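# Coordinate inspection notes
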4 protein chains.
Amino acid sequence: MFSFGNFLTLSTFGESHGEAYGGIIQNVPAGLTIDFKAIQHQLNRRRPGQSSLVTQRKESDTVTFLSGIFEGRTTGTPIGFHIRNEDQKPKDYQHLADTYRPSHADFTYEQKYGIRDYRGGGRSSARETLNWVAAGALAKQLIPEVQIQAYVSSVGEIFCEKPYQKLDLSKTDDSEIRCPDPHTAARMTAEVKRIKKEGNTIGGTITCVVRNLPAGIGEPVFGKLQAELAKAMMNINAAKGFEYGSGFCGAKMTGAEHNDIFNPDFTTKTNLSGGIQGGISNGMDVYFRVAFKPVATLLRPQPSVDRDGQPVTLEGRGRHDACVVPRAVPIVENLAAFVLADLMLINKLRTF
Amino acid sequence: MFSFGNFLTLSTFGESHGEAYGGIIQNVPAGLTIDFKAIQHQLNRRRPGQSSLVTQRKESDTVTFLSGIFEGRTTGTPIGFHIRNEDQKPKDYQHLADTYRPSHADFTYEQKYGIRDYRGGGRSSARETLNWVAAGALAKQLIPEVQIQAYVSSVGEIFCEKPYQKLDLSKTDDSEIRCPDPHTAARMTAEVKRIKKEGNTIGGTITCVVRNLPAGIGEPVFGKLQAELAKAMMNINAAKGFEYGSGFCGAKMTGAEHNDIFNPDFTTKTNLSGGIQGGISNGMDVYFRVAFKPVATLLRPQPSVDRDGQPVTLEGRGRHDACVVPRAVPIVENLAAFVLADLMLINKLRTF
Amino acid sequence: MFSFGNFLTLSTFGESHGEAYGGIIQNVPAGLTIDFKAIQHQLNRRRPGQSSLVTQRKESDTVTFLSGIFEGRTTGTPIGFHIRNEDQKPKDYQHLADTYRPSHADFTYEQKYGIRDYRGGGRSSARETLNWVAAGALAKQLIPEVQIQAYVSSVGEIFCEKPYQKLDLSKTDDSEIRCPDPHTAARMTAEVKRIKKEGNTIGGTITCVVRNLPAGIGEPVFGKLQAELAKAMMNINAAKGFEYGSGFCGAKMTGAEHNDIFNPDFTTKTNLSGGIQGGISNGMDVYFRVAFKPVATLLRPQPSVDRDGQPVTLEGRGRHDACVVPRAVPIVENLAAFVLADLMLINKLRTF
Amino acid sequence: MFSFGNFLTLSTFGESHGEAYGGIIQNVPAGLTIDFKAIQHQLNRRRPGQSSLVTQRKESDTVTFLSGIFEGRTTGTPIGFHIRNEDQKPKDYQHLADTYRPSHADFTYEQKYGIRDYRGGGRSSARETLNWVAAGALAKQLIPEVQIQAYVSSVGEIFCEKPYQKLDLSKTDDSEIRCPDPHTAARMTAEVKRIKKEGNTIGGTITCVVRNLPAGIGEPVFGKLQAELAKAMMNINAAKGFEYGSGFCGAKMTGAEHNDIFNPDFTTKTNLSGGIQGGISNGMDVYFRVAFKPVATLLRPQPSVDRDGQPVTLEGRGRHDACVVPRAVPIVENLAAFVLADLMLINKLRTF
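Residues numbered from 1 in each chain as written. Chains lettered and ligands numbered in written order. Predicted model: local features only at pLDDT ≥ 70, side-chain atom pairs only at ≥ 80, totals over all residues. Heavy atoms only, no water.

Keep this limit in mind: UniProt positions are given in the numbering used here, feature names are shortened, and annotations may be inferred rather than shown by experiment.
Chain A carries the name Chorismate synthase in an unreviewed UniProt entry, which gives Chryseobacterium lacus as its organism. Note on chain A: under the UniProt heading Pathway (unreviewed entry), the record states "Metabolic intermediate biosynthesis; chorismate biosynthesis; chorismate from D-erythrose 4-phosphate and phosphoenolpyruvate: step 7/7."

Listed below in structure tokens is the structure:
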């Protein structure tokens, strides 16, 4: 639980206003030619300050690989990397040293550790997901045949009504909001702008689709494919829920409606199973949905308390997302890539 | 991923029609006086054949502890246990040796391993949850101060509309369906009976409430409390979704609505956070909901295919649940207990 | 550290006078046909009461496999097994409840856990190695091409002077003492009989030779082949030292003497490296030696203390080895097999 | 096996001529005030170029901590650190790209990975121990009450005859060779100089003594204190053997000689057990000895082969140790500190 992954593993470090983020990826097989640009591209997709919708923190978020790669290829030994924090303004946070922000981790970290790096949330900052995107984008290169595509499927009450099969997921990045349906994207964008103007924030959901995953991936009891994905996604800071296949709707259905009947080629006529049976992929599309709460930092006054329980008024300053889901799209995608690459590696050892 | 837990761990084995289930629990601290009856009581709650709603397989499901306990107290060494399968009828399954049942793990196990114990699903059977209930019920005794209560919050389209705060959760077992609201319980029961008469099955949801969990529990990055709970729950065979606190509803809300404002005593006025901030408990109630799909075995004919892709007609025989959620209540509760006991142990090492 | 192995893992339980020993082996690949007789044969080799030299405890030490094997072949799922204790005489140990035996684990267990199963040493008994032999003998079947042979290379001051290359290791079991050189075996046997008559015990060493191990096995930094072997061997109860290749003698040599010069076919002219360079096998024989202390239970009076520090006199009763090394031979062999099978499995993932 | 430690863990990366070494230390409890100078002091003790006896590579070996420490105190979150390589001369190694050095890891890495960073041994370089010293020196600060002292107890055939109890271990660093007995130190130093002049190298042993370790440390079956120490030490690049307490000598003794008889205060009259019984510390001194082979790089011509098996002549260049043990002293000490700090943390969870 202190690292991520089972055989392919990621250990990380970093705080929002420390010197650097970074990590170590272990057990990447030797001989993989790394596409560094593809990795940086994913970090750029996650980077703040790309649009009017997201936080304006100025960082290049450039990843540097320090080991495990020789003449462009992996050597099989640990891959160390780091990403410097360039826009550290710890002084901006001095006023928070003795204050607990609502629905942040300030109070809980202090309860747990008796000490807290209050600068921008310290270790609790979502900047940590930089590490995950870097590692996931590298892991993705181990499984080039698998296609993993996430997109924003709702913002507040605005849902993308079309099922993923009717969307062109290659167009996700065409809109700032990262919804591949242009009409819905426009409505979502307008909603976020409205909310932002109020100094408020709003939640949303991301749907992720995995195509071309071979059958047989996932471990049957404690490492079910859906459980490994759920664990990964629920570790993203603002995630509040996870469902796959029929999800919560499936709980309303009958078995006669829900069962996926086989075709003679072992595909299934429906896919309410979400491509997973008994914790193991069956070769159909795997798809899941993650719910994200609204960002807790508001650009308007909120009541809170200080360490002594005395009332204070807080107001966030100018660099926060009004809606987290667009930037969470590459996080979901690359984290899923890491989970799948790990499970696919392990699966190679399953038969004698 | 092959065992469960991080410091307090559970390794298990067993197949539906093998000789026994069993497991090893490691790192239970020494000196705990074990209440064996309380453990067997939880197994009895999970046992099939208790009511007209669930499978009639006749098993005593008696757990025997083989080590790690001396004169009634834990010694700190591994606790081995087993639970014999008494109602093995492997011949009942011979006809399934070359057939894949819809929405079961038959096809995926065979894809993964090239071999499959077809008797009652083998390792993929939900009988494995016996092990989890036994281990969880023991782990629960490590954290007697924490109260963990699960109940059926929906069956098909019938929802328990009252929030958990308005229910008397001590009455959950008063109805076969395990919904603590008598009126809703009656409606749910009628619905399951109707569905069962049709040879059909139906899904549902379980809500679980954790009270008296101290602040500070959960690890901040890869072992967030919600992620550990999600992973555990999504490993239950029929689980399709997990949400905590505001969950998927939270994704529709604004930050101004969603933020939990502090009281001077550091409780919060609302609890949309579900008792967790930054992956760490804050001392408020932790609550979550799990969606379960309908049981895939139907007591009426269904089309399927055999190993050669040829069409066959399958019909389940007389011992299957029409609705899995009542029996899943003790699974959710005891699995949650294991997760919490593990995290609470680890938390003792958090400060110098 | 609570289980054994890295991908192929063994978790165990059991106490000397509890109901049973047992364990769970995880991640054995599917499709291996198990030779059950070969496993029981290794347990029989370890069994007490086989000769005049070793303890007379009467146990059949029969292993029963409970899961993970279907129609004689592994299914890829966890393999549970147990071995019943048949000769439990806990009353024999009542007098030890408040006494600490010299050079046993009585005092340390009580210091650690505050409670102790005093019956025959409880968890600290070397009967635990039953589990290791069973699991190792199964793991051996995953790597049939590798030959692992251990033998007694010294008893007290009597050494087998011939190097392993000049011994016929297939003859190890021809003598009770398990030294393949008949002349040395006779001298060792006489020495043990002499020591036994005095109610005393004596130490010894075991040498183990691994042939046909392919090059490339072992992990370069924290999982060096020699470190994994050392860890395994030093977990055997009476082990006091481990060396491989040139071992402690190598510390007296110069580099010019010690370096193994390559032949054109990449074998080496000498093999002071013991078949391992940089933690990774090079295709030459791997050989190592383990030192075992004399058994601490003496069949003659010894002074000791009780829980209050008061002097007591202890005298072991009639069922203890005068020399542990003959019975440790199958322990060393099968434990080494487990380590190697684990590392060879992992190594399959080393290249892309 | 890919990281070091069980609860307190160290993951590392780095190659001899890559950009940096570094690592992540996890689960250091919050609230520890770090003495940075003490850590750097240990790195300085290990640094090459300190005396005429060791390699002259010019590096400052300065460790930089990047996270997990706030205002001088640990926060409980991962501690990332790095150590830059400043004296990279990869061109010096171009001639080794197609050549295998005798008794180095060149051949085995290539067999394992199919690719090899040939610059100074890449990942197989003992420069990796920098990471271990940094982490161990930090871990040491978690257990200030425990005294861990290593010293050179032999070089080639020259042994320090006095037992550790008769040496003043605070004087170890007084001589370049790190033997606390001045007379023996002088003889050792002369021997190394003689060997060096010949372009040759020589092996040696290090003895390590742990005082004030409380009783109860170590896990009873797979994590015995001696096994954890053995594993750690045998992962040091040149280590060939490990023994503790009576060690290999104990294998020549009888039980009557070897048993440590208790005093009324539970200390023992002798300490052949080396402070460990049943894998758990008993409160007496823990002591062990590690054998190191001679450095394989010689400053004189040696025959070897290239990748095609063709003969080549190799000659090391001017920056290699003639005897590795003086620089290995801080490695042994700090690695032991890490092992002990890890086990002492875990031990806090042993009782209810």
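From this point, the discussion proceeds with the structure in view.
### Here's the deal with the UniProt feature "binding site: FMN" (unreviewed entry) in chain A
Rules: Helix numbers and strand numbers start at the N terminus; a helix is a DSSP run of H or I with at least 4 residues, a strand a run of E with at least 2. Note on contacts: a residue pair is in contact if any heavy atoms of the two residues lie within 4.5 Å. Side-chain atoms alone can form a polar contact between residues adjacent in sequence; in general such a contact is a pair of N or O atoms within 3.5 Å, and within protein one must be able to donate a hydrogen while the other accepts it.
Look at the UniProt record and you will see "binding site: FMN" (unreviewed entry) annotated at A:R123, A:S124, A:S125, A:N237, A:A238, A:G278, A:K293, A:P294, A:V295, A:A296, A:T297 and A:R319. For A:R123, the location among the structural elements is in the loop between α2 (106–113) and α3 (129–140). Not counting residues up to four positions away in its chain, the partners in contact with A:R123 are A:T12, A:F13, A:G14, A:E15, A:Y21, A:Y109, A:E128, B:V221, D:T77 and D:P78. Side chain to side chain, A:R123 and A:T12 meet in a polar contact 3.0 Å long.

### Some thoughts on the relation of the copies chain B and chain A
We count it as follows: A least-squares superposition brings the copies together, and it is based on the C-alpha atoms of residues with pLDDT no lower than 70 in both.
Once turned by 180° and shifted 0.0 Å along the axis, chain B lies on chain A with an RMSD of 0.0 Å. Overall, the copies show the geometry of a two-fold rotation axis. A symmetric contact is evident, with 100% of the interface residues of chain B recurring at the interface of chain A.

### What to know about the relation of the copies chain B and chain C
With an RMSD of 0.0 Å, chain B superimposes on chain C once it is rotated by 180° and translated 0.0 Å along the axis. The fraction of interface residues of chain B whose copies in chain C are also interface residues reaches 100%, indicating that both copies meet through the same surface.

### So, the sheet that holds strand β9 (residues 158–159) of chain A
Put simply, the test is: Two strands make a pair as long as DSSP finds a minimum of two bridges between them. Convention adopted: a line fitted to C-alpha atoms gives each axis, helices being fitted over their contacting stretch, and angles between N-to-C directions are expressed from 0 to 180 degrees.
Within the open sheet, the ten strands sit side by side as β9(A)-β8(A)-β10(A)-β14(A)-β11(A)-β11(B)-β14(B)-β10(B)-β8(B)-β9(B). Their pairing is antiparallel. Looking along the sheet, the strands with just one partner apiece sit at the ends: β9 of chain A together with β9 (158–159) of chain B. Where strand β8 (residues 147–155) of chain B meets strand β10 (residues 204–211) of chain B, eight bridges bridge the pair, whose relative direction is antiparallel. Looking at β10(B), one finds that B:S154 is bridged to B:T205. Each of β11 (239–244) and β14 (286–292) of chain A together with β11 (239–244) of chain B touches helix α5 (residues 225–234) of chain A; the most contacted strand, β11(A), lies at about 160° to it.

### Some words on the UniProt feature "binding site: NADP(+)" (unreviewed entry) in chain A
Here, the residues flagged by UniProt with the feature "binding site: NADP(+)" (unreviewed entry) are A:R46. Setting aside its immediate chain neighbours within four residues, A:R46 contacts A:D61, A:A126, A:R127, A:T129, A:L130, A:V133, A:R327, A:P330 and A:I331.

### Here we look at the pattern of salt bridges
Worth spelling out the cut-off: By definition here, a salt bridge exists when the distance from a side-chain nitrogen of Lys or Arg to a carboxyl oxygen of Asp or Glu is within 4 Å. Categorising residues by exposure relies on relative accessible area from a 1.4 Å probe, with only protein chains included: less than 20% of the type maximum marks a residue as buried, more than 50% marks it as exposed, and the intermediate range marks it as partly exposed.
Within this structure, the stated rule accounts for 88 salt bridges over all chains. Across the pair B:D173 and B:R178 runs a salt bridge whose closest N-O atoms are separated by 2.9 Å. Residue classification places B:R178 among the buried residues on the basis of a relative accessible area of 8%. In this structure, a network of salt bridges that share partners links the residues A:D98, A:R101, A:D106, A:E110, A:R116 and A:R307.

### Remarks on α2(A)
For α2(A), the buried fraction is high: seven of the eight residues fall into the buried class. The inward-facing, buried residues of α2(A) abut β7 (99–100) of chain A together with β12 (276–277), β13 (280–281) and α8 (325–347) of chain B. One or two residues past the end of α2(A) sits A:G114, with phi positive at roughly 75°.

### Details of unusual backbone geometry
In the Ramachandran plot, B:D61 falls in the positive-phi region, its phi being about 50° despite a non-glycine side chain. As for its position among the elements, B:D61 is in the loop between α1 (36–46) and β3 (63–65). One non-glycine residue, C:E71, lies in positive phi territory at about 55°. Within the fold, C:E71 resides in the loop between β4 (69–70) and β5 (73–74). For C:E71, a relative accessible area of 65% gives the class exposed.

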